[in-house]
Amino acid sequence: MKPPKLTLGEFQVFLLSDGVWRNDGGCMFGIVPRVLWERDHPADERNRVRLGLTCPLVIRGREAILVDTGIGNRLAQDEREAFGHGEGRLFEGLRALGMEPGDITHVVLSHLHFDHSGGVVRRAVSNSLRPAFPKARYLVQRGEYETARSGANVRLRAAYRHVPECFDPLAGALELLDGCAEVISGVSAVVTAGHTKDHQVITVKTPDGEGFAHLADIVPTRSHLKPAWNQAYDLDPLRTMEAKAWLLEQAIAGRWWVTFAHDDQLLAARIGRMADGRLAMSERIAMAEGE
Ligand SMILES: [Zn+2]
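Residues numbered from 1 in each chain as written. Predicted model: local features only at pLDDT ≥ 70, side-chain atom pairs only at ≥ 80, totals over all residues. Heavy atoms only, no water.

(A) Structural detail: the overall build of the protein chain. When helices and strands are counted, the protein chain shows nine helices and 18 strands. Taken over C-alpha atoms, the radius of gyration comes to 18 Å for the protein chain, in line with the 19 Å a tight globule of 291 residues would show. Projected onto the principal axes, the alpha-carbon positions of the protein chain cover approximately 55 × 45 × 40 Å. Looking at the protein chain as a whole, 53% of its 291 residues qualify as buried. Considering only intrachain contacts with a sequence separation of at least 6, the fraction spanning at least 24 residues in the protein chain is 65%. Carbon and sulfur atoms form 52% of the exposed surface of the protein chain, whose accessible area is close to 12,600 Å². Side chains of the protein chain give 35 positive and 38 negative charges; the mean places of these two sets differ by 1 Å. (Helix = DSSP H or I, 4+ residues; strand = E, 2+ residues; numbered from the N terminus. Rg over C-alpha atoms; globule rule 2.2 N^0.38 Å. Buried < 20%, exposed > 50% of the residue type's maximum accessible area, 1.4 Å probe, protein only. Contact = heavy atoms within 4.5 Å. Areas by Shrake-Rupley, 256 points an atom, 1.4 Å probe, with all protein chains shown as cover. Lys, Arg positive; Asp, Glu negative; His and termini not counted. Charge placed at Lys NZ, Arg CZ, Asp CG, Glu CD.)

(B) How the structure looks around the sheet that holds strand 14 (residues 200-205). Pairing within the open sheet is mixed, and its seven strands lie in the order 12-13-14-15-16-17-18. Unpaired on one side and paired on the other, strand 12 (181-184) and strand 18 (279-286) mark the two borders of the sheet. Taken over all neighbouring pairs, the strand axes of this sheet differ in orientation by 25 degrees on average, direction set aside. Where strand 13 (residues 187-191) meets strand 14, five bridges bridge the pair, whose relative direction is antiparallel. Across the sheet, the residue bridging to Ser188 is Thr203, located in strand 14. The strands that helix 9 (residues 237-254) touches are strand 13, strand 14, strand 16 (257-259), strand 17 (266-273) and strand 18; relative to strand 17, the one it contacts most, it runs at about 80 degrees. (Pairing = 2+ DSSP bridges. Axes fitted to C-alpha atoms, helices over the stretch in contact; angles between N-to-C directions.)

(C) A look at the coordination of the zinc ion. Of the protein atoms, only Asp115 (OD), His116 (NE2), Asp217 (OD) and His262 (NE2) coordinate the zinc ion, at distances of 2.0 to 2.3 Å. Taken together, the four donor atoms surrounding the zinc ion define angles of 82 to 153 degrees at the centre, an arrangement classified as irregular. In the primary structure, the donors to the zinc ion are separated according to the pattern D-H-x100-D-x44-H. Here Asp217, found in the loop between strand 15 (211-214) and helix 9, pairs with His262, found in the loop between strand 16 and strand 17; they are 45 residues apart in sequence, far enough to count as distant. (Donors = N, O, S within 2.8 Å, 3.2 Å for Na, K, Ca; no water. Tetrahedral: all angles 85-135°; square planar, octahedral: opposite > 155°, others 65-115°.)

(D) Summary view of the pattern of salt bridges. The full count for this structure, using the stated rule, is 20 salt bridges. Arg273 is paired through a salt bridge with Glu249; the nearest N and O atoms lie 2.3 Å apart. In this pair, Arg273 is assigned in strand 17 and Glu249 in helix 9, connecting sequence segments 24 residues apart. Looking at Arg273, the relative accessible area reads 44%, which means it is partly exposed. Sharing partners across several salt bridges, the network here consists of Arg50, Arg222, Asp263 and Asp264. (Salt bridge = Lys/Arg side-chain N within 4 Å of Asp/Glu carboxyl O.)

Listed below in structure tokens is the structure:
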């Protein structure tokens, strides 16, 4: 089935997904008590909640910019079991659009946790790992890459242990960004920090004032629209909250579409403000049944 599409001026944004996965609910909702988060995100017997892996594909002419890559197919069997994820579905989505991995010109990574960057490589039948998008440039913040490679920080070591295996095969295709950058005209990488020190989100803006933002791990699910609902992984939750407030204000003012990287029901929504000041979703794009 074709992935849902947003049209913004000369851009088309396809809402691809690498499928669903599961992760610990406590990790996903941080200080929020389970009795609150489990109403909308029921946990299984291992305390895991069902999550999505939304990866927008921004197209203008021959330029095809994939934002994040999901988990991909590189996990070992025990990890597949732990996270409830198998081969990944990103390539299926591309095929449904009549595209091939070689058509992707840019891959922009919000940060290098495995659920966003694991799909930069593809495990072949021979078990070797090759770049998943052989003609793409891979863009990430320099600080994110250096933190991920250094291994110096004990808290972060496990979060980045996949990085050598995923990024060594990319060699010359990797492009390190020093702060906010324009990927192509109208498409920007905007550094937010918060979730990681150099976490970035992607915005698309047209000359007519239409907009789209992939908020990555600043607003990973619809529940994280609430100011204090943040992940336990966040290195600087106060920065996450500041970035969230600032990005959502722009999204409301500009009537932008925003995508939720990890919601298991909604791929994207437009956000508005109700009379009492609370946020509400005015339009939504749901994940297809059977994902
Ligand atoms: Zn994530």
